[in-house]
Amino acid sequence: MCLFALFAAFAPRLALLFLWIFTPLVSRAFAGILLPLLGLIFLPFATLFYVLAYVPGIGLSPWGWLLVIVGVLIDLGAYGSGAYGRRRRGAL
């Protein structure tokens, strides 16, 4: 489990894809294929945290939602730092 967490920190899209292929967690968390696919493309950390925190029949606890919000913030931070880096390189 610790090795998976380390792997997910560096490659969340690949970790989510492996979860989707080798475990039933993604299909339990989402009813269709569109939402996890969009999450895989645009918000990989938030989608990964949602899949890991989802409990069948219950949904997400408040701590699970907090984890998803942290995932959204990590994703937005990654997008923001990429835009900042491109802007900074263009100014030089």
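Residues numbered from 1 in each chain as written. Predicted model: local features only at pLDDT ≥ 70, side-chain atom pairs only at ≥ 80, totals over all residues. Heavy atoms only, no water.

1. Let's talk about the packing of helix 2 (residues 12-22) against helix 4 (residues 34-42)
With their axes 9 Å apart at the nearest point, helix 2 and helix 4 run at an angle of 155° to one another. Compared by their axis directions, helix 2 and helix 4 come out roughly antiparallel. Both helix 2 and helix 4 take part in a crossing whose hand is left-handed. Facing helix 2, whose interface residues are Arg13, Leu16, Leu17 and Trp20, helix 4 presents Pro36, Leu37, Leu40 and Ile41. (Axes fitted to C-alpha atoms, helices over the stretch in contact; angles between N-to-C directions. Helix = DSSP H or I, 4+ residues; strand = E, 2+ residues; numbered from the N terminus. Parallel < 35°, antiparallel > 145°, perpendicular 65-115°, else oblique. Left-handed = near helix turned anticlockwise from the far one by under 90°. Contact = heavy atoms within 4.5 Å.)

2. Digging into the environment of Leu35
Tracing the sequence through the fold places Leu35 in helix 4. The spatial distance from the C-alpha of Leu35 to the C-alpha of Leu52 is 15 Å, given a sequence separation of 17 residues.

3. Digging into the nonpolar core
Among the nonpolar cores identified, the biggest contains 14 residues, and Leu16, Val26, Phe30, Leu48, Tyr50 and Val51 are the most heavily contacted of them. Where this core is concerned, the elements lending two or more residues are helix 2, helix 3 (25-29) and helix 5 (44-53). Examining the composition of this core, we find that four residues originate from one element, helix 5, more than from any other. (Core = buried A, V, L, I, M, F, W, Y, C linked by side-chain atoms within 4.5 Å. Buried < 20%, exposed > 50% of the residue type's maximum accessible area, 1.4 Å probe, protein only.)

4. Regarding the packing of aromatic side chains
The description of an aromatic ring pair rests on the distance of the ring centres and on the angle between the ring planes. According to the stated counting rule, one finds five aromatic pairs in the structure shown. Judged by centre distance (6.0 Å) and plane angle (50°), the ring pair of Phe45 and Phe49 falls under tilted. Of the two residues, Phe45 and Phe49 are both situated in helix 5; the distance of four residues between them amounts to about one turn of the helix. The buried category is assigned to Phe49, whose relative accessible area is 17%. Taken together, the aromatic side chains of Phe30, Tyr50, Tyr54 and Trp65 make up a single cluster linked through ring pairs. (Phe/Tyr/Trp six-rings, centres within 6.5 Å; stacked < 30°, edge-to-face > 60°.)

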